[in-house]
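For reference, the chains in residue letters:
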Protein chains: 2
Amino acid sequence: MSTGLLTIDLAAIVANWQALAKIASVETAAVVKANAYGLDAGRVAQHLANAGARQFFVAATEEGVALRQALGDGPVISVFSGHMEGDTQSIADASLTPMLNSAQQMQRHFAALPNHSFGIQLDTGMNRLGMEPAEWAGLRSEIIEKGPTLLMSHLACADDPDHPMNAQQNAAFEDMTQGVSLPRSLAATGGTLLGAAYHYDMVRPGIGLYGGEPFGAAHPVVTLDIPVIQIRDVAVGETVGYGNVWTATRPSKIATIAAGYADGLIRAMGPNAKLHSDGMEVPVVGRVSMDLITVDVTALPDAPQSLQLLGAQQSVDEVASFAGTIGYEILTSLGTRYQKHWTE
Amino acid sequence: MSTGLLTIDLAAIVANWQALAKIASVETAAVVKANAYGLDAGRVAQHLANAGARQFFVAATEEGVALRQALGDGPVISVFSGHMEGDTQSIADASLTPMLNSAQQMQRHFAALPNHSFGIQLDTGMNRLGMEPAEWAGLRSEIIEKGPTLLMSHLACADDPDHPMNAQQNAAFEDMTQGVSLPRSLAATGGTLLGAAYHYDMVRPGIGLYGGEPFGAAHPVVTLDIPVIQIRDVAVGETVGYGNVWTATRPSKIATIAAGYADGLIRAMGPNAKLHSDGMEVPVVGRVSMDLITVDVTALPDAPQSLQLLGAQQSVDEVASFAGTIGYEILTSLGTRYQKHWTE
């Protein structure tokens, strides 16, 4: 075993979904795009479907095709990027529901698959995906007649409950969907936590399922243990790693562990990162390299066999802070070289 | 097609290997760890073997096992992390050559596989992998008697030709290997470019094969084209993306493209990144999100179908500079959602 061990707690994901469903008290979908934030969309969705989830969201048609194979018939699989050129056959074959984002996508969908399910994504101010208010106003009657499964939008600032953008987007969504008796959805994890005014008929949590902020009450989902290759004594004045960026100021024991930025351990976290061994914190020294990280284990009483980067003592958000990023990127970056183990 | 298209030029990799082999004029191995820096170790190594490469290096035993399946018998596959606990069976079955890094690894190897090939990695000052000078001095006779395939070390500062560490490590390597008539290797790409004093009997280029610095003369290897999902008009004062971090100061056309940090497009590059369309440069606006990036395409004469992040107009090192990192991390982060196409 010379690669890290990534353990993914499927029961924790199910518990997080149930907790968010309880908060929302409306239909609770599951966002499993980006391979369920790197944790295996097929396995995650199967477990959530067994727990009662009936609606799943992916980013791209290709992801929807793979998810349909894992889930079989039944659950609704919606695609945020909508109906793109070249996607028609896959959308039809895998019974996917594209969230149409523009008049162009609408025309493509109605021409190619006139009787196939679809939803509508509306832009309420994020200016990233969805129909603009004016575009929607012109097409609204035609679209509603075709019976979309869902009218949805996405919040730009939901992680910050006090941001005035939340109420602005909510008002815009109300305004654009007023008088329409169709299912509506505005909230992902952040919006779910903003309260009932944001829940409408369906919430669509993603990051909250996987143990990340802003769902502070989430159960941790991932554990990452990285094996030690060797431990060496380094004398005062000796340097460690690329560019000689770290110099020992006391006699030190330096462990070299078998993971690096090719495993998604973002290079930028280098000098700030910490790992754990039996509850004790140990700091990274020098640069994170492609396949290796060097760690100062001088403080440990015994030579460790492995060190833990993610787990009960250190969340994805804490690791994100080492690299100046967000927990979402830590999860989706986790690489392909780990041994992966899913617990239920 | 709703994901990006990643094109990998295998002929360029072969040409880069040949160019480095010409510079070195000694046995030229190929480093294909981290799945050939994300570009498919099996395909890359097969093409290099056809071009004459006989020695390959990986980081972990698991990578060596996969590479042996792709290459078949014949080429030497060496493992930088050496002989780790639990790896014995795989090393034997796949005929891998571990680079032993410590007395502990040596004892493990000699006990478990007394007649199996091995090399020795020496630490010449990087303090990351390899035997320390004192450790090596004590074991040297015993090891040499067993006939290692290679004595090797690795340079910490080879990307900076003027760094005094290069000469220091070279002197240490000379000192530790003096009087030994066994193949020796010190140089990766950077060391290959430092000149004949660093070449010994074998050079081991990695990044140079894949088109990255410090091999400035490298042929570019990867092209990444990302499809446009939709283009919208944004009025002065409107914001784009998460956190409202970008505000339009003129009437703008904003394209939303189908890739994000879940595809390895590092989130930190956000406000600095640029893409290209038919030779024209267009800037990213707002934050890179998980599956989407927003780009200001106001300056383009026509609505683009896709935008190019990597290619003839923008190298992996230029993209790396947007995120404050190195081309190596851009390559190894390239994600699994792209359609991949290998040209020969």
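Residues numbered from 1 in each chain as written. Chains lettered and ligands numbered in written order. Predicted model: local features only at pLDDT ≥ 70, side-chain atom pairs only at ≥ 80, totals over all residues. Heavy atoms only, no water.

**Some points on the sheet that holds strand 4 (residues 55-58) of chain B**
Residues and elements named next belong to chain B. Heads up, the condition is: What makes two strands pair is DSSP finding at least two bridges between them. Each helix corresponds to a stretch of at least 4 residues labelled H or I by DSSP, and each strand to a stretch of at least 2 residues labelled E; elements are numbered beginning at the N terminus.
Here 7 strands make up an open sheet; going across it, the order is 3-4-5-6-7-8-9 and the pairing parallel. Looking along the sheet, the strands with just one partner apiece sit at the ends: strand 3 (30-31) and strand 9 (184-185). As paired elements, strand 3 and strand 4 share 2 bridges and run parallel to each other. Bridge assignment links Ala30 to a residue of strand 4, and that residue is Phe56.

**Looking at a negative patch on the surface**
Residues and elements named next belong to chain A. The condition that has to hold: In this analysis, a patch consists of residues with relative accessible area above 30% that form no salt bridge, clustered at 9 Å for like charges and at 5 Å for the nonpolar side chains Val, Leu, Ile, Met, Phe, Trp and Tyr. To measure how exposed things are, a 1.4 Å probe is used in the Shrake-Rupley method; for residues, cover is taken only from the protein chains shown. Any Lys or Arg side-chain nitrogen located within 4 Å of an Asp or Glu carboxyl oxygen qualifies as a salt bridge. As used throughout, the charge tally considers Lys and Arg to be positive and Asp and Glu to be negative, leaving His and the chain termini uncounted. The atoms used to mark charge sites are NZ of Lys, CZ of Arg, CG of Asp and CD of Glu. Burial classes: relative accessible area under 20% of the type maximum marks a residue as buried, over 50% as exposed, and values in between as partly exposed (1.4 Å probe, protein chains only).
Where like charges cluster on the molecular surface, the negative patch consists of Asp159, Asp160, Asp162 and Glu213. Within the secondary structure, Asp160 is located in the loop between strand 8 (151-152) and helix 8 (164-177). Residue classification places Asp160 among the partly exposed residues on the basis of a relative accessible area of 36%.

**Some remarks on the relation of the copies chain B and chain A**
Our working rule: Each copy is superposed on the other by least squares, with the fit set by C-alpha atoms of residues at a pLDDT of at least 70 in both. Contacts are residue-level and defined by heavy atoms, with any inter-residue pair within 4.5 Å sufficient.
Once chain B has been moved 0.0 Å along the axis and rotated by 180°, it coincides with chain A to within an RMSD of 0.0 Å. Expressed as a symmetry operation, the mapping of one chain copy onto the other fits a two-fold axis. Nearest to the rotation axis, the C-alpha of Ser333 of chain B is located 3.7 Å from it, this being the minimum over chain B. Taken together, the interface assignments show that 100% of the residues at the interface of chain B recur at the interface of chain A, consistent with an identical surface on both copies.

**Points about the sheet that holds strand 3 (residues 30-31) of chain A**
Think of a sheet as strands paired side by side through backbone hydrogen bonds, with each pair either parallel or antiparallel. Residue and element names in this part refer to chain A. One open sheet holds the 9 strands; their spatial order is 2-10-9-8-7-6-5-4-3, and the pairing between them is parallel. Of all strands in the sheet, those bounded by a partner on one side alone are strand 2 (27-28) and strand 3. Bridging between strand 5 (residues 76-79) and strand 6 (residues 96-100) involves 3 bridges; their strand directions are parallel. Residue pairing in the sheet places Val79 in a bridge with Pro98 of strand 6.

**A word on the pattern of salt bridges**
Residues and elements named next belong to chain A. Overall, the coordinates contain 22 salt bridges over all chains when judged by the stated rule. Of the charged contacts in the structure, one is a salt bridge between Asp263 and Arg337, with a shortest N-O distance of 3.0 Å. Residue Asp263 is found in the loop between strand 14 (252-257) and strand 15 (274-277), and its partner Arg337 is found in the loop between helix 11 (327-333) and strand 19 (339-343); the two are separated by 74 residues along the sequence. Here Asp263 and Arg337 have matching classes, each one buried.

**Section: the interface of chain B and chain A**
Put simply, the test is: Throughout, buried area stands for the accessible area (probe radius 1.4 Å) lost by two parts on being put together, summed over both. Any N or O atom pair separated by 3.5 Å or less is treated as a polar contact, with the protein-specific requirement of one donor-capable and one acceptor-capable atom, and with residues adjacent in sequence counted only for side-chain atom pairs. Each residue receives one of three labels: charged for Asp, Glu, Lys and Arg, nonpolar for Ala, Val, Leu, Ile, Met, Phe, Trp, Tyr, Cys and Pro, and polar for the others, Gly being one of them.
Across the contact, 67 residues belong to chain B and 67 residues belong to chain A. Here chain B meets chain A over a buried area of about 5,100 Å², counting both sides, of which 49% is carbon and sulfur. Considering only the side of chain B, the residues that lose the most area to chain A are Asn127, Arg128 and Arg232 of chain B, jointly responsible for 13% of the buried surface there. Inspection of the region where chain B meets chain A yields 38 residue pairs in polar contact (both at pLDDT 80 or more). Only helix 2 (33-38), helix 4 (61-71), strand 11 (222-234), strand 12 (239-240), strand 14 (252-257) and helix 11 (327-333) of chain B provide two or more residues apiece to the side of chain B that touches chain A. The element contributing the most residues to the side of chain B that touches chain A is strand 11 of chain B, with 7 residues. For the side of chain B that touches chain A, the residue count by class is 26 nonpolar, 26 polar and 15 charged.

**Observations concerning the confidence of the model for chain A**
Worth spelling out the cut-off: In predicted models, pLDDT denotes the confidence assigned by the predictor to each residue on a 0 to 100 scale.
In the predicted model, chain A carries a mean pLDDT of 97, and the fraction of residues at 70 or more is 100%. Reported for the predicted complex are a pTM of 0.96 and an ipTM of 0.96.

**Quick notes on empty space enclosed by the protein**
Rules: Any residue with an atom within 4 Å of a point lines the site, the site being either a cavity, points on a 1 Å grid over the protein atoms alone where a 1.4 Å probe fits but cannot get out, or a pocket, an open set with protein on both sides within 12 Å along at least 5 of 7 lines. Grid points are joined across faces, edges and corners, and a volume is the space filled by probe spheres set on the points.
Within this structure, the stated rule accounts for 5 cavities of 30 Å³ or more. There is about 80 Å³ of room inside the largest cavity. Contributing to the lining of the largest cavity are Ser2, Thr3, Ile229, Ala258, Ala259, Asp263, Asp291, Leu292 and Arg337 of chain A together with Ala59, Ala60 and Ser81 of chain B. Across the lining of the largest cavity, the residue classes break down as 6 nonpolar, 3 polar and 3 charged. Every residue lining the second largest cavity is listed: Gln121, Leu122, Asp123, Met126, Arg128, Leu129, Ser153 and His154 of chain B. Looking at the lining of the second largest cavity residue by residue, the classes come out as 3 nonpolar, 3 polar and 2 charged.

**Focus: the environment of Asn170 of chain B**
Secondary-structure assignment places Asn170 of chain B in helix 8 (residues 164-177). Separated by 148 residues in the primary sequence, Asn170 of chain B and Glu318 of chain B have C-alpha atoms spaced 31 Å apart.

**Topic: the domain arrangement of chain A**
Residue and element names in this part refer to chain A. Selection criterion: Marked domain ranges trace back to an automatic or database domain assignment.
Assigned domains of chain A: these are domain 1 (10-210) and domain 2 (222-343). Computed over C-alpha atoms only, the centres of domain 1 and domain 2 are separated by 37 Å. Buried area between domain 1 and domain 2, summed over both chains or domains, comes out near 900 Å², and the portion from carbon and sulfur atoms is 64%. Among the residues domain 1 hides against domain 2, the three largest losses belong to Tyr37, Leu39 and Ile207. Together they make up 47% of the total. Inspection of the domain 1/domain 2 interface yields 0 salt bridges. Counting across the interface, domain 1 meets domain 2 through 3 residue pairs in polar contact (both at pLDDT 80 or more). Broken down by secondary-structure element, the contributors of at least two residues to the side of domain 1 that touches domain 2 are helix 1 (10-24) and helix 2 (33-38). In terms of residue count, the dominant contributor to the side of domain 1 that touches domain 2 is helix 2 (3 residues). In terms of residue class, the side of domain 1 that touches domain 2 is made up of 7 nonpolar, 1 polar and 3 charged.

**Concerning the side chain of Ser81 of chain B**
Within the secondary structure layout, Ser81 of chain B lies in the loop between strand 5 (76-79) and helix 5 (88-93). With a relative accessible area of 3%, Ser81 of chain B lands in the buried category. One polar contact links the side chain of Ser81 of chain B to the main-chain carbonyl oxygen of Ala59 of chain B, over a distance of 2.8 Å. Apart from residues lying up to four places away in sequence, Ser81 of chain B is in contact with Ser2 and Ile229 of chain A together with Ala59, Ala60, Met99, Asn101 and Gln105 of chain B.

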